[in-house]
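What follows is each chain in one-letter form.
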Amino acid sequence: MKNFLEVKEFDSIICNEDYKDDLRYKFLNKSIFDKLINFIRTYSSEDNTDLLDFMKISYKRNVGEIINIRNYVGVIQMDNGYQIQILPKISFGREDYNNEQTKRVFIKMIRSMNDFPSKVFDDANLKVGSMNLYEIFINMYLQEVRKLVKHGIKSSYIRKEQNSKFYKGKLLVNKNINQNLIHKERFYIEFDEYDVNRAENRIIKSTLLKLQKISNSSENLKEIRKLLVSFGQIKESINYKKDFSKIVIDRSNRDYKTIIPWSKVFLMNKSFTTFSGKSTVKALLFPMEKVFEAYVAKNLKKVLGKIGWEVSIQDRGYYLFDEPRKQFALRPDIVVDCGNGRKIIMDTKWKHLFNNERSNYGISQTDMYQMYAYAKKYKTSDIWLLYPVNDEMRECNSIFFRSDDGVRVGVFFVDIACIENSLLDLRLSLEENKKIIIS
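Here the structure is a predicted model, which means the values were calculated and not measured.

*Asks:* Please clarify how the overall build of the chain should be interpreted in this entry.
*Replies:* Of the regular secondary structure elements, the chain holds 11 helices and 20 strands. Buried residues in the chain amount to 48% of all 439 residues. If you take every contact in the chain between residues at least 6 apart in sequence, the share linking residues at least 24 apart comes to 65%. Of the roughly 23500 Å² that the chain leaves accessible, carbon and sulfur atoms contribute 46%.

*Asks:* Looking at this model, I keep getting lost on the pattern of salt bridges. Mind explaining?
*Replies:* Close approach of charged atoms allows side chains of opposite charge to pair. By the definition in use, this model includes 14 salt bridges. We note a salt bridge from Arg146 to Glu223, for which the minimum N-O separation is 3.0 Å. A residue pair is termed long-range when its members are at least 10 positions apart, and Arg146 in helix 3 (residues 133-151) and Glu223 in helix 6 (residues 218-230) qualify at 77 residues. Arg394 serves as the salt-bridge partner of Asp415, at 3.3 Å between the closest nitrogen and oxygen. In this pair, Asp415 is assigned in the loop between strand 19 (408-414) and helix 11 (419-432) and Arg394 in the loop between strand 17 (383-388) and strand 18 (398-402), connecting sequence segments 21 residues apart. Exposure remark for Asp415: the relative accessible area of 15% places this residue in the buried category. Residue classification places Arg394 among the partly exposed positions, given a relative accessible area of 28%. In the salt-bridge network here, residues are joined through shared partners; they are Asp347, Lys349 and Asp367.

*Asks:* Explanation requested: the sheet that holds strand 5 (residues 64-69) in the structure shown.
*Replies:* Paired through backbone hydrogen bonds, the strands of a sheet run either parallel or antiparallel to each other. If you trace the four strands from one edge of the open sheet to the other, you get 3-2-5-4, paired in mixed fashion. The sheet terminates laterally at strand 3 (26-27) and strand 4 (55-60), the two strands that pair on one side only. With two bridges joining them, strand 2 (residues 12-14) and strand 5 adopt antiparallel strand pairing. What sits directly across from Ile13, in strand 5, is Ile67.

*Asks:* I would appreciate a short explanation of the sheet that holds strand 6 (residues 72-77) in the present structure.
*Replies:* Across the sheet, four strands lie side by side as 1-7-6-11; this open sheet has mixed pairing. Across the chains shown, the open sheet's two edge strands, defined by having one partner strand only, are strand 1 (4-8) and strand 11 (282-287). If you compare each strand with its neighbour and ignore which way they point, the axes differ by 10 degrees on average. Strand contacts of helix 2 (residues 100-110): strand 1, strand 6, strand 7 (83-87) and strand 11, with the helix running at about 80 degrees to strand 7, the strand carrying the most contacts.

*Asks:* Looking at this structure, I do not really get unusual backbone geometry. What am I missing?
*Replies:* Generally, phi is negative for residues other than glycine and the peptide bonds are trans, each holding for most cases. The residue Asn99 is not glycine, and still its phi comes out positive at about 60 degrees. One can find Asn99 in the loop between strand 7 and helix 2. By relative accessible area, which is 13% here, Asn99 ends up buried. Positive phi, close to 65 degrees, is recorded for Tyr361, a residue that is not glycine. Mapped onto the fold, Tyr361 is located in the loop between strand 16 (342-348) and helix 10 (365-378). Assessed through its relative accessible area of 8%, Tyr361 is described here as buried.

*Asks:* Where do I start with helix 11 in this structure?
*Replies:* Along an α-helix, residues three or four positions apart point the same way, because every turn accommodates 3.6 residues. Taking 1.5 Å per residue as the helical rise, helix 11 with its 14 residues ought to reach 20 Å, and the 20 Å between its terminal C-alpha atoms agrees with that figure. Considered for burial, the residues of helix 11 that qualify are Ile419, Ser422, Leu423, Leu426, Arg427, Ser429 and Leu430. Projected onto a plane normal to the axis of helix 11, the buried residues spread over an arc of 160 degrees and lie on a single side. Of the surrounding elements, those touching the buried residues of helix 11 are helix 9 (288-305), strand 16, strand 17 and strand 19.

*Asks:* What is the right way to look at the pairing of strand 4 in this model?
*Replies:* A regular strand places its side chains so that they alternate between the two faces of the sheet. Of the strand pairs in this sheet, strand 4 and strand 5 are connected by six bridges, and their pairing is antiparallel. Bridge pairing in strand 5 links Ile57 to Ile67. If you look at the hairpin formed by strand 4 and strand 5, you'll find three residues sitting between the two strands, and Asn62 has a positive phi there, around 75 degrees.

*Asks:* Hey, could you run me through a nonpolar patch on the surface in this one?
*Replies:* A surface patch of nonpolar side chains, amounting to about 350 Å² of accessible area, comprises Ile177, Leu181 and Ile182. Along the polypeptide, Ile182 turns up in the loop between helix 4 (173-180) and strand 10 (187-195). For Ile182, a relative accessible area of 73% corresponds to the exposed category.

*Asks:* Explain the packing of aromatic side chains here, please?
*Replies:* Here a ring pair, both rings aromatic, is described through the centre-centre distance and the interplanar angle of the planes. Per the stated rule, a full pass over the model turns up 12 aromatic pairs. With 6.4 Å between their ring centres and 75 degrees between their planes, Tyr361 and Phe401 make a pair best called edge-to-face. One end of the pair, Tyr361, is in the loop between strand 16 and helix 10; the other, Phe401, is in strand 18, and 40 residues separate them in sequence. With a centroid separation of 5.0 Å and 80 degrees between ring planes, the pair formed by Trp384 and Phe400 is classed as edge-to-face. Here Trp384, found in strand 17, pairs with Phe400, found in strand 18; they are 16 residues apart in sequence, far enough to count as distant. Looking at Trp384, the relative accessible area reads 3%, which means it is buried. Looking at Phe400, the relative accessible area reads 4%, which means it is buried. Three or more aromatic residues joined by ring pairs make a cluster, and in this case those are Phe106, Tyr134, Phe137, Tyr141, Trp262, Phe266 and Phe286. The aromatic ring of Phe244 is capped on one face by Lys264, whose charged end is 5.1 Å from the ring centroid.

*Asks:* Help me out: how do you make sense of the nonpolar core in this one?
*Replies:* Looking at soluble globular proteins, one finds that nonpolar side chains tend to be buried together. With 77 residues, the main nonpolar core has Phe137, Tyr141 and Met346 as its most contacted residues. Tallying contributions element by element places helix 3 first for this core, with 11 residues. Discounting chain neighbours no more than four positions away, the residues touching Phe137 are Val75, Ile107, Ile110, Trp262, Phe266, Leu284 and Phe286.

*Asks:* Looking at this structure, I do not really get helix 10. What am I missing?
*Replies:* The end-to-end C-alpha distance of helix 10 is 20 Å, a good match for the 20 Å that 14 residues give at a rise of 1.5 Å each. In this structure, the buried side of helix 10 is in contact with strand 13 (318-321), strand 14 (327-330), strand 15 (334-339), strand 16, strand 17 and strand 19. Remark: Lys379 follows helix 10 within two positions and exhibits a positive phi of approximately 50 degrees.

Each value, and the rule that gives it
- Residues numbered from 1 in each chain as written.
- Predicted model: local features only at pLDDT ≥ 70, side-chain atom pairs only at ≥ 80, totals over all residues.
- Heavy atoms only, no water.
- Helix = DSSP H or I, 4+ residues; strand = E, 2+ residues; numbered from the N terminus.
- Buried < 20%, exposed > 50% of the residue type's maximum accessible area, 1.4 Å probe, protein only.
- Contact = heavy atoms within 4.5 Å.
- Areas by Shrake-Rupley, 256 points an atom, 1.4 Å probe, with all protein chains shown as cover.
- Salt bridge = Lys/Arg side-chain N within 4 Å of Asp/Glu carboxyl O.
- Pairing = 2+ DSSP bridges.
- Axes fitted to C-alpha atoms, helices over the stretch in contact; angles between N-to-C directions.
- Expected span 1.5 Å × (residues − 1).
- Arc of directions from axis to C-beta.
- Patch = residues over 30% accessible without salt bridge, like charges linked within 9 Å, V, L, I, M, F, W, Y side chains within 5 Å.
- Phe/Tyr/Trp six-rings, centres within 6.5 Å; stacked < 30°, edge-to-face > 60°.
- Lys NZ or Arg CZ within 6 Å of the ring centre and 35° of its normal.
- Core = buried A, V, L, I, M, F, W, Y, C linked by side-chain atoms within 4.5 Å.

Spatial relationships are all this shows, so hold off on functional conclusions.
Here it is as structure tokens:
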């Protein structure tokens, strides 16, 4: 049985074999489909509202139950090793063979998130097209470990007990009496020894051994074998939870800062999202709304910083109401301080708009109410909504809406496949104050 399914956002998954070749659906074997259904219902029963943005179960006559993929992207792995890879829907204006470019862009995007543990990943020579996301995540981990080995695996003083012919350290009197009553030539002692068998290294060794069993990539397996040579003198962890509890990242072991969270992901089925460590399903999933926001913000800082504009994230300076107390905080995704008292407010929305003016291009009324509140509280007409570009809106650079009380909201389409060039266009629009007004 095939052990891998690749889908994209907004795809629909079924298990009805009569529709197996229907291009509208992705097909899953019923046993795997049922496991996925149970995963969704488990979290739904726990009132996990985030899941509503991830997957939705619907029913269609003749087809049966349908799982609709929403705005979470990543990997779901069943207990039997079957993997479901969910990729973001990214427009390139051309065909993306094997989804290679999609995966490369997505990896860049998630690395922009502050809590994502990977800083040294280089995919230039990686065969991304033939690797699924889980193997790419494994490769990220291996590159971090390779960097650690290059800098040097840390040792520390570890307290040991030993029945020895030589006296050093401290004599443990009671144990010495019990052990050496008839061996007067021996000493049962406690001493500190400078050793590589510290908790961090045991955890990494155990992670490498586990990845050696589950990886199907010849490239990753080759790298794991090389790294295990460097950890040859280190013992495996026999109690993951206990060893993780011993690890405190400080100046002495900061080279482990990125590796330890990854180790927890692989060893203890943790995740960077709320979906982790439950039932028989492992999930490494990322909310695209947050990923898109982080990616745009990081690149805006780079582009606008060159002209001296300051970019801040999740500003908390204003509230919708001030009496009887400050209530309903306004938290725009991005606030740009241009100096001279000018501020630009931006919100990112991971949603694909469509070219239909009568339907407001698919922009939600709630989002516009939110932008209107920003304009009033921040006392600015520089309000921008940033959406990812798609094939339908590729020729539309920006749209502007205006109210009769001076509020203007601009809509800009970010090409995340070429984000720096795209944001340079936005910068020019901001600098030149070009506006296309829609009454």
